[in-house]
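# Residue-level structure breakdown
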Amino acid sequence: MSESYAGKINRKLVKKQRIIDAAAGREPADLVLKNATYVNVFSNELCTADIAVTEGLIVGMGDYSGKREVDVTGKIVCPGFLDAHIHLESSLVSPGEFVRAVLPHGTTTVITDPHEIANVMGTDGIEYMLQATEGLPVDVRFMLPSCVPATPLDESGAILDYRAIDSFYDHPRVQGLAEMMNFVGVINGDEQPVEKIVAAQAHHKKIDGHAPDLQGNDLNAYIAAGVYSDHECHDLSDAIAKLERGQFIMIREGTAARNLEALVPLLCDKYSERCMFCTDDKHPSDLLEKGHIDYIVKRAISLGVDPITAIKVACHNAARYFLLNNRGAIAPGYLGDFVVIDSFECFHIEQVYKKGELMFSEGHLKGFPIPSIDPYLEKRAADTFHVSHLSAEDFAEKRPRGILGMVAGEITTVDAGYSDRIDVEYDILKIAVVERHKNTRHIGIGYLQGYGLKRGAVATSVSHDSHNIIVVGTDEQQMADAVNRIVEIGGGITVMEDGSVLGEVRLDIAGIMSSGTLVSVNASLEDAKEKAFSLGVSHDIDPFMTLSFMALPVIPTLRLTTRGVFDVLQQNYV
């Protein structure tokens, strides 16, 4: 029998009375961090006092006794860190495994946009992620995908208009509408993107932006439409132009894009209140070797940023922006989310608390239950490939096709002309995007220069944003073998030569995430990279991450969709 309203009020009354009694010192707190030197984000200084926690909330700072007392003399206590924009799917592991990776780094809240899985499974993908993150010791909040698919040019697993996502705004962990990538549509006043903005505002929700290098009246129109933030700033002038017009700036330092160094001048008294940190995409090796938001804080401090400013940007500013008013600070009534470090100089994380519960200490992470997922959703996530068996003839093409010229260290491309054949000696490879959601047999074919492959083929079902299968190879049979292998294993990454698998990462959840551990996925991923390099892939290219962006038709200059080579700047097929 469900609890009555009066019962809920009575239960909450008892808890509130306990909080008040502990705050007043009439009864011991559940937890007290004794002699704590803590970051005060309101006065922008280090303060020293006992920090008392009851019922998961900070009840006060001062002189307290507790049922459990932990002496943190000589340490620095920070509020738990918050990632303002991330796609959890980019970690290539399940949400529970992601939490295991980031909690030891002091992350206690993340704001995720599940548009990767939504492009595969539609609203079922959003529901899958909501269930998979319920009750985890990192609080996962959601921004609803605004661009599924990213553009009308894509063939994704679903098309989500404002009606499809509207009911999700009632979920208590949904904060708003995620990155509005279709800034062209917004500026032009196109009905579908503007409908989504209007609907989000009707629910009094935040709307995040995605508008690299937008200027002048176009920028004014984009912001006037109701877009509150941007995480795509890669230079200072772009960021300041947006900040001066009222947008909040998410300073991104992830795997695919690293903007901190260029934007570090924002972290000063004049601008820092409008800034927060995010990672956007964070791959397994980065999580294991560098960390998460703590890595950005350390890097900012090393670049000369005041440590307290860096901490404040890492927690308080994002919490205020997203109206998460009970986190991001050490003060009465805030969640007992703490990160205990040795010093600002070393920034070694010794302990992490979530709602007053010690979750990480001395290199040990406390276990936690993994949420259960509706069997229907689990089955849907395990069966997302609908592709007929392919042969070399499916990749045969005699007509000249555009050449995507890769740029070392970047995900942009240049127009490298045309070709009608593979020429390994001149690094002209064939590339294809195979529609995998509805068995349409649509295969876009082009050529690729700068990848370096000398033998075999590389294929992946991580292909932004629609996550069709993208393959590059030195002949058509190698390409067919690689695509068939991706379908056979239910999604992932494969490196093949002459029908043999050399390296492989299985991504059994919607073809974009693995149910394995982060360590095992990373080991498979790094092994597959080495196998790709052994076949000639240039070391200036990430064999899989860079390839995965070749199908996203919002990044200049040439991209490949299931319909062929597309010129992003001219907005036409070539």
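Each chain has its residues counted from 1, running along the sequence as written. Note on the predicted model: pLDDT of at least 70 is required for a residue's local features to be given, and 80 or more for side-chain atom pairs to be given and counted; whole-chain, interface and lining totals, by contrast, use all residues. Based on all heavy atoms of the structure, the side-chain values leave hydrogens and waters out of the count.

This paragraph deals with unusual backbone geometry. Put simply, V148 and P149 share a cis peptide bond, and its omega is 0 degrees. Put simply, DSSP marks the helices as runs of H or I at least four residues long and the strands as runs of E at least two long, and each gets a number from the N terminus on. The residue P149 is located in the loop between β8 (139–144) and α5 (162–166) in this model. With omega at -10 degrees, the peptide bond leading from H464 into D465 counts as cis. Here D465 shows up in the loop between β22 (457–460) and β23 (469–473). Its identity as a non-glycine residue notwithstanding, R441 has a phi of 65 degrees, on the positive side. Tracing the backbone shows R441 in the loop between β20 (428–434) and β21 (443–449).

Right, let's get into the pattern of salt bridges. Salt bridge, as applied in this entry: a Lys or Arg side-chain nitrogen positioned within 4 Å of an Asp or Glu carboxyl oxygen. Applying the stated criterion across every chain yields a total of 38 salt bridges. Between E55 and R18 there is a salt bridge, with the nearest N and O atoms lying 2.9 Å from each other. One end of the pair, E55, is in the loop between β2 (45–54) and β3 (57–62); the other, R18, is in helix α1 (residues 5–24), with 37 residues separating them in the sequence. Between K242 and D238 there is a salt bridge, with the nearest N and O atoms lying 3.3 Å from each other. Taken together, the positions of K242 and D238, both in helix α9 (residues 236–244) and 4 residues apart, correspond to about one turn of that helix. By the burial criterion, K242 is buried, and D238 matches it. Connected through shared salt-bridge partners, R18, E27, D30, E55 and K67 make up one network. Remark: exposure states derive from per-residue accessible area (1.4 Å probe, protein chains only) relative to the maximum for the residue type, with buried under 20%, exposed over 50%, and partly exposed in between.

A few words on the side chain of T384. Mapped onto the secondary structure, T384 falls in the loop between α15 (375–382) and β18 (401–406). N or O atoms closer than or at 3.5 Å make up a polar contact, with two conditions inside protein: a donor-capable atom paired with an acceptor-capable one, and, for residues adjacent in sequence, both atoms drawn from side chains. Within the local environment of T384, its side chain forms a polar contact with the side chain of R436, the two groups lying 2.7 Å apart. A contact between two residues is defined here by any heavy atoms of the two lying within 4.5 Å. When sequence neighbours within four positions are dropped, the list of residues in contact with T384 reads V120, M121, R436, H437, A510 and G511.

Let us look at the packing of helix α12 (residues 293–302) against helix α13 (residues 307–314). Lines fitted to the C-alpha atoms define the axes, with helices restricted to the stretch that makes contact. Angles between their N-to-C directions range from 0 to 180 degrees. It is at 9 Å that the axes of α12 and α13 come closest, and there the two elements cross at 155 degrees. With respect to each other, α12 and α13 are oriented roughly antiparallel. Where α12 crosses over α13, the handedness of that crossing is right-handed. Residue-level inspection shows I293, V297, A300 and I301 of α12 in contact with α13, the latter providing P307, A310, I311 and A314. Gly is placed with the polar residues, together with every amino acid not listed as nonpolar (Ala, Val, Leu, Ile, Met, Phe, Trp, Tyr, Cys and Pro) or charged (Asp, Glu, Lys and Arg). Considered class by class, the residues forming the contact of α12 with α13 number 8 nonpolar, no polar and no charged. Angle categories: roughly parallel below 35 degrees, roughly antiparallel above 145, roughly perpendicular from 65 to 115, and oblique for all the rest. Crossings are classed by handedness, with left-handed meaning an anticlockwise turn of the near helix from the far one by less than a right angle and right-handed meaning a clockwise turn.

In sheet architecture, strand pairing relies on hydrogen bonds along the backbone and comes in two forms, parallel and antiparallel. We call two strands paired when DSSP finds no fewer than two bridges between them. An order of β26-β27-β28 is seen for the 3 strands of this open sheet, with the pairing classed as antiparallel. Lying at the two open borders of the sheet, with one neighbouring strand each, are β26 (558–561) and β28 (572–573). Here strand β27 (residues 564–567) pairs with β28 via 2 bridges, running antiparallel. Directly across from D567, in β28, lies its bridge partner N572.

Another point: helix α8 (residues 216–224). Turning to α8, its buried residues number three or more, namely L219, Y222 and I223. Down the axis of α8, the buried set is contained in an arc of 95 degrees. They therefore lie on one face. Opposite the packed face of α8, turned more than 90 degrees from it, sit the exposed residues N217 and A224. In this structure, the buried side of α8 is in contact with β9 (174–180), α6 (183–187), β10 (206–209) and α9. The arc in question is traced by the directions running from the helix axis to the C-beta atoms.

Along the chain, S229 falls in strand β11 (residues 229–230). The contacts of S229, once residues within four sequence positions are left out, are I207, D208, G209, Q247, F248, M250 and Y321. Here the side chain of S229 touches D208 through a polar contact of 2.8 Å, side chain to side chain.

What follows deals with the nonpolar core. Formed by 149 residues in total, the largest nonpolar core has its most connected members in L33, V77, Y128, L267, F277 and Y451. With 6 residues, helix α17 (residues 518–534) is the largest single contributor of residues to this core. Formed jointly, this core draws a minimum of three residues from each of two domains, domain 1 (80–325) and domain 2 (381–573). What V77 contacts, discounting residues up to four positions off in sequence, is L33, A36, T37, Y38, V39, I51, V72, I330, F338, V339 and V340. Among buried residues, the Ala, Val, Leu, Ile, Met, Phe, Trp, Tyr and Cys ones that are joined through side-chain atoms within 4.5 Å form a nonpolar core. Start and end positions for the domains come from either an automated domain assignment or a database one.

UniProt positions are given in the numbering used here, feature names are shortened, and annotations may be inferred rather than shown by experiment. When the UniProt feature table is mapped onto this chain numbering, "domain: Adenine deaminase C-terminal" (unreviewed entry) sits at residues 421–571. Taken end to end, residues 421–571 is 23% helix and 29% strand, and its first and last C-alpha atoms sit 25 Å apart.

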